[in-house]
Every structure is written in structure tokens, then in C-alpha cells.
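Summary of structural features
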Amino acid sequence: MRLSAENIEGRRGGETIFSGIGFTLGAGEALVVTGPNGAGKSTLLRVVGGLLPHAAGRLSLEGGGEEFPSVESACHYLGPDNAMKTALTVSENLGFWQSFFGRPQVSVMEALETVGLETIGHLPFGYLSTGQRRRVSIAKLLVSHRPVWLLDEPTSGLDKRSEAHFSELMRTHLEEGGIIVAATHLPLGLESVQELRMEGHQ
Amino acid sequence: MLALYIRDVRLGIRAGGGALVGVLFFLAVIATIPFGVGPDLNLLARIGPAILWIGALLASLLGLDRLFQAEREDGSLDLIVLNHDRHMLAATVFVKCLAHWTASVLPLVVAAPLFGLFMNMEPIGIGAAALTLLVGTPAITFIGAAGAAVAVALPRGGLLVSVLVLPLVIPVLIFGVSASYGAVNSPNPFLQPFLILCALSLFLAVIGPVAAALALRHGTD
């Protein structure tokens with residue numbers, strides 16, 4: 001499986017945020033996108049996920065086969081918001097996303113155990129702390145299988161232990177042949193990653 | 001898709017009681033009319049179906065603006081759009097509309113016969129009004145979804161959605177009320193306006209979700 005981007009240009013509100021960005025990621029490779037605020041890191045992730053159109057350039061996924069015909073269909077997107085309903089319990093939230101995403105990988109309970117929250121599955125999501133919410137959101141990546149993870153500041157709100165644990169999860173995902181594109185300021189604890197530094201559009 | 005339906009119905013019933021607010025608003029509209037027009041029982045019976053329809057129409061517009069806005073605020077909308085290969089966006093919108101209708105509009109239809117008594121309507125008139133509401137209100141939800149999708153990015157889009165949607169639901173109101181009248185006033189037909197009402201619902205069940213999906217696809221900035 002190969003995710004490649006050539007000469008991508010990102011625009012928001014008619015203004016060019018970045019241009020000429022390109023990368024190629026094979027199975028088991030990760031890309032860390034760094035750069036100052038406003039350089040277009042989040043925009044790049046949203047463009048890759050097809051949530052924003054790219055103004056120029058080419059974006060493609062090879063080797064996805066019938067299961068993943070397009071880039072979007074192969075992506076998990078962990079955005080700045082957690083995409084959980086505060087009125088529903090943690091298990092209900094995860095259960096919903098699992099059946100909506102399809103391709104179940106591990107059960108909701110196992111995913112919660114992986115992020116160390118197996119005891120709070122019955123609580124409404126609104127009762128959780130910021131870090132716990134983020135961990136539930138990370139558990140969402142595990143309940144359904146997607147080869148490409150797009151992570152936008154994945155570790156915001158996490159403590160040191162959870163950060164290390166999340167690095168472990170990402171390593172496992174890469175070992176299984178996954179692809180990760182992460183936008184972050186903090187080191188993710190991954191060895192041998194490609195780095196893309198964005199300086200913003202001049 | 002069933003999971004989405006169940007989640008939305010649950011949210012509608014659980015969070016803030018959207019269903020109950022709609023019914024209360026409906027009750028408020030119906031209860032104030034007799035004070036406004038005076039205690040003329042014949043007049044109330046005559047305008048009853050129209051008042052029921054207008055009350056239900058306004059009450060069903062109440063929660064519509066939150067249909068996609070809530071999803072957008074917590075980031076769920078991104079994931080829904082991201083998975084459009086697996087679940088066609090128009091189909092997702094259709095299911096969300098059905099869930100919204102079940103949780104917020106169906107209680108209005110159920111309450112309508114009771115409110116019909118307030119308006120001194122005959123039993124057959126009440127039955128006709130409830131039946132026309134049952135088949136006509138889905139049309140309001142479907143076209144409302146398109147309005148909600150257009151206004152999804154606006155922080156105070158609530159009133160805008162109502163203003164956008166109202167002109168489009170006028171035909172539904174006209175045929176709904178004329179079918180209700182047809183059931184009690186003998187020279188007027190019941191079946192013809194009722195069938196047109198059904199047709200409107202079916203027609204908008206296709207157009208509404210497709211239009212809403214188009215608006216959502218281009219509104220994820």
C-alpha cells in the first residue's frame with residue numbers, strides 16, 4: 001500500500017495556505033508534519049482526508065484494492081474534536097462508530113482496555129476529563145480497521161504515561177503495515193519517521 | 001445505518017428532551033388561539049385543522065437547525081463525510097431525518113388529536129388532521145434538512161433555517177389543511193389533496209437529502 005501526494009496546494013477561504021507539498025509513504029511508514037501555528041498542518045491533513053478539496057496537485061492511494069478504493073475510505077481521522085456525544089455513554093459512542101465505520105477490528109471493551117479505561121465504559125462521555133476524552137477518541141481508532149491514520153495533535157491533553165502508551169499503539173499499527181500522518185508540535189516517540197516541515201506560504 | 005438511527009433517537013430523547021420541548025411549544029400555540037379569537041365554538045371548529053397544522057409546522061421547525069450543527073461542533077460531521085464511500089452521504093442524511101422525525105415530530109402527531117379537542121373539532125376531523133400530519137410532516141423534516149445543511153456553518157443559524165424552509169413547506173401546509181377540511185366538509189374532496197400530500201413527502205424524501213448532502217460536502221471548511 002502506498003499513499004502519495006504530489007505538489008499539493010491547499011486553500012482556505014480562497015487564500016493559498018501552502019503549495020508544492022509532496023510525500024510518499026509506503027506500508028509501515030509514518031510522516032510527522034511540523035511547523036509554526038498557521039503553517040497549514042491541519043489543513044494538509046484535512047486535504048489528505050478529502051475533507052477539503054486540493055486546489056492543485058495529485059493525491060493517490062495505490063494497492064488499496066477493492067476494500068479501500070479511495071484515499072478517504074482508507075483513513076481514520078483523529079481531529080482536534082473528539083467526535084463523541086456527551087449525552088451517550090462511552091461504550092455507546094464507541095459502539096456507534098464501530099458499526100458506522102464497519103470493518104470491526106477489536107471489540108469496544110478490548111479497545112477501552114487498551115487505552116486503560118475499561119472501568120468507565122458505562123459513564124456518559126460528558127463526565128470524563130480532557131485526557132480521558134482523548135483516550136476514548138484514540139480507542140475509536142482501534143475499534144475499526146483503517147490502514148491510514150491521520151492524526152491532528154493526537155497527544156493534546158494526554159499525560160506522559162498515556163503518551164508513551166499511544167506511541168506503543170502507533171508502533172503496533174506501523175508494524176502491521178499501517179500508515180500514519182501526524183501533525184504535531186510534540187515528539188511522538190516514533191523511530192525512523194519522515195518529517196515534513198511546513199513554513200507557510202510566502 | 002441502523003446504529004446511526006438508534007443513536008440519534010437516543011440523543012433526541014435523552015439530551016435536553018427535544019421531543020418534549022416541541023410538544024410544549026405546540027401546546028402553547030394551540031392554547032393561545034382560543035384566547036385570541038374568542039370563545040366562538042363554531043369558529044374554533046372551523047379553523048381547527050388549519051391551526052393544528054400551523055402549530056405542528058412551527059413546532060417541527062424548532063430543533064431542525066441542530067440536526068447537523070451539533071454533529072459539526074463535536075467533530076462527528078468530519079467522520080461522517082470522510083466515510084461517504086461506505087455510507088452515501090445522502091443516505092446518511094435520510095437516516096438522520098428519519099431519526100429526527102421519530103424523536104421530535106412523531107410526538108407532535110401523537111399529541112395532535114388531544115389538541116384537536118381544544119379546538120372543538122369533530123372526531124372525524126381530528127382523525128383526518130392527525131392522518132395528514134402523519135404523512136405530511138416527514139416532508140417538512142426532509143426539506144428542513146436541506147436548510148439545516150446550508151446553515152450548518154453559521155453559529156446563529158436557527159432562525160435562518162426556519163426562514164429558508166418556510167416558503168418551501170407552504171405546499172405541504174396547503175394540501176395538508178385542504179385534505180383535513182375535505183374529510184369534514186362534504187363537497188370538498190379528501191382523497192385528492194391527501195394523495196398529493198403523500199406525493200410531496202415522497203418527492204422531498206429524495207430531493208431534501210440529496211440537496212443536504214451536496215451542501216454538507218461543500219461546507220466542511
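What counts as what
- Residues numbered from 1 in each chain as written.
- Chains lettered and ligands numbered in written order.
- Predicted model: local features only at pLDDT ≥ 70, side-chain atom pairs only at ≥ 80, totals over all residues.
- Heavy atoms only, no water.
- Axes fitted to C-alpha atoms, helices over the stretch in contact; angles between N-to-C directions.
- Helix = DSSP H or I, 4+ residues; strand = E, 2+ residues; numbered from the N terminus.
- Left-handed = near helix turned anticlockwise from the far one by under 90°.
- Contact = heavy atoms within 4.5 Å.
- Nonpolar A, V, L, I, M, F, W, Y, C, P; charged D, E, K, R; others polar.
- Expected span 1.5 Å × (residues − 1).
- Buried < 20%, exposed > 50% of the residue type's maximum accessible area, 1.4 Å probe, protein only.
- Arc of directions from axis to C-beta.
- Pairing = 2+ DSSP bridges.
- Core = buried A, V, L, I, M, F, W, Y, C linked by side-chain atoms within 4.5 Å.
- Phe/Tyr/Trp six-rings, centres within 6.5 Å; stacked < 30°, edge-to-face > 60°.
- Lys NZ or Arg CZ within 6 Å of the ring centre and 35° of its normal.

Take the packing of helix H3 (residues 41-61) of chain B against helix H7 (residues 123-150) of chain B next. All names here are of chain B. Their axes nearest at 11 Å, the elements H3 and H7 cross at an angle of 30°. As H3 packs across H7, the resulting crossing turns out to be right-handed. Contacts between H3 and H7 involve Leu52, Trp53, Ala56, Leu57, Ser60 and Leu61 from the former and Ala129, Thr132, Leu133, Gly136, Thr137 and Ile140 from the latter. Classifying every residue of the contact of H3 with H7 gives eight nonpolar, four polar and no charged.

With that out of the way, let us pick up helix H2 (residues 18-37) of chain B. All names here are of chain B. With 20 residues, H2 should cover 28 Å at 1.5 Å per step; its first-to-last C-alpha distance of 30 Å lies within 8% of that length. Burial in H2 covers these residues: Ala19, Gly22, Val23, Phe26, Val29 and Ile30. The arc enclosing the buried residues of H2, seen along the axis, measures out at 120°, which places them on a common side. Projecting away from the buried face of H2 at angles above 90 degrees are the exposed residues Leu20, Leu24, Phe35 and Gly36.

So, about the pairing of strand E5 (residues 75-78) of chain A. All names here are of chain A. Taking every second residue as pointing to the same face, both faces of E5 are buried, with Cys75 and Tyr77 on one and His76 and Leu78 on the other. As paired strands, E5 and strand E6 (residues 148-152) are joined by four bridges and run parallel to one another. Bridged to histidine 76 within E6 is tryptophan 149.

Residues and elements named next belong to chain B. Taken together, the buried positions of helix H4 (residues 66-73) are occupied by Leu67, Phe68, Gln69 and Glu71. The inward-facing, buried residues of H4 abut helix H1 (2-14), helix H5 (76-82), helix H6 (89-118), H7 and helix H9 (191-217). Looking one or two residues past H4, glycine 75 carries a phi angle of roughly 85°, positive in sign.

Before going further, it helps to spend a moment on the sheet that holds strand E3 (residues 30-34) of chain A. Residues and elements named next belong to chain A. Reading across the sheet, the five strands line up as E5-E6-E7-E3-E8 and stay open at both edges, with parallel pairing between neighbours. In this open sheet, the two strands that pair with only one neighbour each are E5 and strand E8 (194-197). On average, adjacent strands in this sheet sit at an angle of 15° to one another, irrespective of strand direction. By the bridge criterion, five bridges tie E6 to strand E7 (residues 179-183) in an arrangement that is parallel. The partner of leucine 150 across the bridge, within E7, is valine 181.

Glancing now at the nonpolar core. By size, the foremost hydrophobic cluster in this structure holds 126 residues, and its most contacted members are A:Leu3, A:Trp97, A:Leu151, B:Phe26 and B:Phe68. When residues of this core are assigned to their parent elements, the largest contribution, 12 residues, is made by H6(B). Excluding its chain neighbours within four sequence positions, the residues that come into contact with A:Trp97 are A:Ala83, A:Met84, A:Lys140, A:Ser144, B:Arg7, B:Ser76, B:Leu79 and B:Ile80.

Under the definition given, this model contains eight aromatic pairs over all chains. Relative to B:Phe115, the ring of B:Phe26 has its centre 5.0 Å away and its plane inclined at 85°; by these criteria the two rings are edge-to-face. Placement of B:Phe26 in helix H2 and of B:Phe115 in helix H6 is noted, with a sequence separation of 89 residues between them. By relative accessible area, B:Phe26 is classed as buried at 0%. Its relative accessible area of 4% is what places B:Phe115 among the buried residues. Between B:Phe190 and B:Phe194, the ring centres sit 5.2 Å apart and the planes meet at 20°, which makes this aromatic pair stacked. Judged by relative accessible area, which is 23%, B:Phe190 ranks as partly exposed. The class for B:Phe194 is buried, based on a relative accessible area of 12%. A cation over a ring is seen here: B:Arg7 above A:Phe96, with NZ or CZ 4.2 Å from the ring centre.

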